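# Examining the three-dimensional arrangement
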Amino acid sequence: MTDGSTAVEEGPACELVRFDSVVKRFRTSLGRRQTALDGFSMTVPRGSVVGLLGPNGSGKTTALKALLGLVRTDAGTIQAFGHQLPAGQKFVAPRIGALIEGPAFTASLSGEHNLRLFGELHGVGAGAVAEVLELVGLTHAARRPFSGYSLGMKQRLGVAGALLAAPELLVLDEPMNGLDPEAVRDMRELFTRLRDERGMTVVVSSHILAEVEMVCDRVTIVRHGKVICDAPVSELLDRGAVRTVVRIQDVSAARSVLESAGLTVTVAAGPHGSELHVDGAPGRDAGLVKLLAEHRLYPEELRVRQASLEDVYITAIRKADAAQPATGSAADGD
Ligand SMILES: Nc1ncnc2c1ncn2[C@@H]1O[C@H](COP(=O)(O)OP(=O)(O)OP(=O)(O)O)[C@@H](O)[C@H]1O
């Protein structure tokens, strides 16, 4: 490649983005150092929808901003489209559409007018505006002022803005935040269409795990700036295998018995009140019953169900917490 950026060898054909051991430290207003990314490594395969998951403050937005050249990293490498960043940012930027921390539009102008202004910055005209409005399902509201849009419509207009320059990679920070279930479903269907009909790659940070499970091909789970899981969703769900659901009178006593035995237990609402979800493989059930019976606890029902992405996520976070207890949000002090 002769584009002038450094280290421009193409990565594997299927890999669009690679973060390798990236470190980012902020200095807070109180003068403390805050490690937002702490050896963050992640890959984004071309033509996939990738979910970036993690608790609040775990570093998701910082990672996305680093990819977009909005924050300067302290160590590690980021490659996108075969270019090393930040040197190759100018080659990469036109290929990425992004929506980070909400859309910035003028309230009094219509959705269409806002996009036209936005389009002028990117050198695209009315045709492209009409096309993206159609893509996000806002053609009917194109002439209405932005101030009258629902939250879902505002988010979709933001995504339309990110799509204006026909990017190959779409980067969205919590685009489903605050949306009602129908708007969330519309957003999910949009991602699927963009991937399937346009071959686009989408990276989306989200806390809505059920949606991520439905739409994402791959997830990266980050905790305290470190990636604790980076794998295809299908693999994670297979690996998560099954959970045993225990219905029992004394939920809290049963929970402490099972947790004392080293099992990962979650309390969840079931059709007959609270129940316990226990990580584990089938065949363990007899062991569970025996363990509980030793403490005079007798389940009313025991059933096995497939683990969800939420189960996998909670287990991964708990394992990471057990291995390395939280130290606040990786604040280093001085
Ligand atoms: N500009 C900044 N100055 C100081 N600290 C920052 C700055 N930006 C982020 N941080 C800190 O870095 C850590 C990671 O923040 P980040 O916004 O990347 O997390 P997140 O995973 O996106 O969180 P959320 O899910 O709440 O959006 C947090 O502790 C945050 O307070």
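Residues numbered from 1 in each chain as written. Predicted model: local features only at pLDDT ≥ 70, side-chain atom pairs only at ≥ 80, totals over all residues. Heavy atoms only, no water.

As annotated in an unreviewed UniProt entry, the chain carries the name ABC transporter ATP-binding protein and comes from Streptomyces ficellus. Under the Sequence similarities (unreviewed entry) heading, UniProt states for the chain: "Belongs to the ABC transporter superfamily." (UniProt positions renumbered as here; feature names shortened; annotations may be inferred.)

### Quick look at the sheet that holds strand β3 (residues 49-53)
Read across the sheet, six strands follow the order β6-β7-β8-β3-β9-β10 without closing on themselves; strand pairing throughout is mixed. Here the strands that pair on one side only, and so sit at the sheet edges, are β6 (96-99) and β10 (226-232). Here the strands of the sheet are splayed against their neighbours by 15° on average, with no regard to which way each runs. In this structure, β3 lies alongside strand β9 (residues 218-223), joined through four bridges in parallel fashion. (Pairing = 2+ DSSP bridges. Helix = DSSP H or I, 4+ residues; strand = E, 2+ residues; numbered from the N terminus. Axes fitted to C-alpha atoms, helices over the stretch in contact; angles between N-to-C directions.)

### Re the domain arrangement of the chain
Taken domain by domain, the chain consists of domain 1 (16-25 + 33-237) and domain 2 (243-305). Relative placement of domain 1 and domain 2: their C-alpha centres are 39 Å apart. (Domains from an automatic or database assignment.)

### A word on helix α11 (residues 309-323)
It helps to recall that an α-helix has 3.6 residues per turn; residues three or four apart then point in one direction. Helix length check: α11 (15 residues) gives 21 Å between terminal C-alpha atoms against 21 Å at 1.5 Å per residue, within 8%. Those residues of α11 that fall on the buried side of the exposure criterion are L309, D311, V312, Y313, T315, A316, I317 and A320. (Expected span 1.5 Å × (residues − 1). Buried < 20%, exposed > 50% of the residue type's maximum accessible area, 1.4 Å probe, protein only.)

### Some thoughts on the pairing of β3
Along β3, five of the five residues are buried, which leaves the element largely enclosed by surrounding structure. Where β3 meets strand β8 (residues 201-205), four bridges bridge the pair, whose relative direction is parallel. Counted as the bridge partner of V50 is V203 from β8.

### A word on the side chain of T315
Among the structural elements, T315 can be located in helix α11. By relative accessible area, which is 12% here, T315 ends up buried. At 2.8 Å, the side chain of T315 forms a polar contact with the backbone oxygen of D311. Residues contacting T315, with those up to four places away along its chain left out, are R243, T264 and D279. (Polar contact = N/O pair within 3.5 Å; in protein donor to acceptor, adjacent residues only side chain to side chain. Contact = heavy atoms within 4.5 Å.)

### Some details on the site of the ligand
Taken together, 14 residues lie near the ligand, and G57, G59, K60, T61 and T62 sit nearest. In this structure, S58 approaches the ligand through a main-chain N or O atom, which is 3.1 Å from an oxygen atom. Between the ligand and K60, the relevant distance is 2.7 Å, taken from an oxygen atom to a side-chain nitrogen or oxygen of the residue. Contact with the protein chains removes 67% of the 640 Å² of surface that the ligand exposes when unbound. At the level of elements, β2 (33-45) and α1 (60-67) are the ones that each hand at least two residues to the shell around the ligand. Top element by residues in the shell around the ligand is α1. It accounts for three residues. Residue classes in the shell around the ligand are distributed as three nonpolar, nine polar and two charged. (Near = heavy atom within 4 Å. Areas by Shrake-Rupley, 256 points an atom, 1.4 Å probe, with all protein chains shown as cover. Nonpolar A, V, L, I, M, F, W, Y, C, P; charged D, E, K, R; others polar.)

### Let's talk about the pairing of β8
Here β8 lies mainly inside the structure; five of its five residues are buried. Burial of β8 is two-sided: the residues T201, V203 and S205 facing one way and the residues V202 and V204 facing the other way are all buried. One ladder, built from five bridges, connects strand β7 (residues 169-173) with β8; its direction is parallel. From the neighbouring strand, L172 faces β8, where its bridge partner is V204.

### Topic: the layout of surface pockets
One number sums up the size of the largest pocket: a volume of about 410 Å³. Along its surface, the largest pocket is lined by 20 residues, and G97, A98, F118, H122 and A162 are the ones closest to its centre. When contributions to the lining of the largest pocket are tallied by element, the ones reaching two or more residues are β6, α3 (111-122) and α5 (151-163). Here the lining of the largest pocket gets four residues from one element, more than from any other, and that element is β6. For the lining of the largest pocket, the class distribution of residues is 14 nonpolar, six polar and no charged. (1 Å grid on protein atoms, 1.4 Å probe; cavity = no way out; pocket = protein on both sides within 12 Å on 5 of 7 lines; lining within 4 Å. Points joined across faces, edges and corners; volume = space filled by probe spheres on them.)

### Thoughts on the nonpolar core
Grouped together as the largest cluster of nonpolar side chains are 52 residues, with contacts concentrated most on L115, V159, L163 and L170. The next biggest cluster of nonpolar side chains, apart from the first, holds 27 residues, and it includes L16, M42, A63 and I78. (Core = buried A, V, L, I, M, F, W, Y, C linked by side-chain atoms within 4.5 Å.)

### Considerations on the side chain of D311
Position of D311 relative to the elements: it lies in helix α11. Owing to a relative accessible area of 5%, D311 belongs among the buried residues under this scheme. Excluding anything up to four places from it in sequence, D311 contacts R243, R305 and Q306.

### Here we look at the sheet that holds strand β11 (residues 242-247)
With antiparallel pairing, four strands are arranged side by side in an open sheet as β12-β13-β11-β14. Of all the strands in the sheet, the pair left with one neighbour each is β12 (265-270) and β14 (301-306). The average undirected angle you get between the axes of adjacent strands in this sheet is 30°. Set on the sheet, helix α9 (residues 251-260) makes contact with β12 and β13 (273-279); between it and β13 the angle comes to about 10°.

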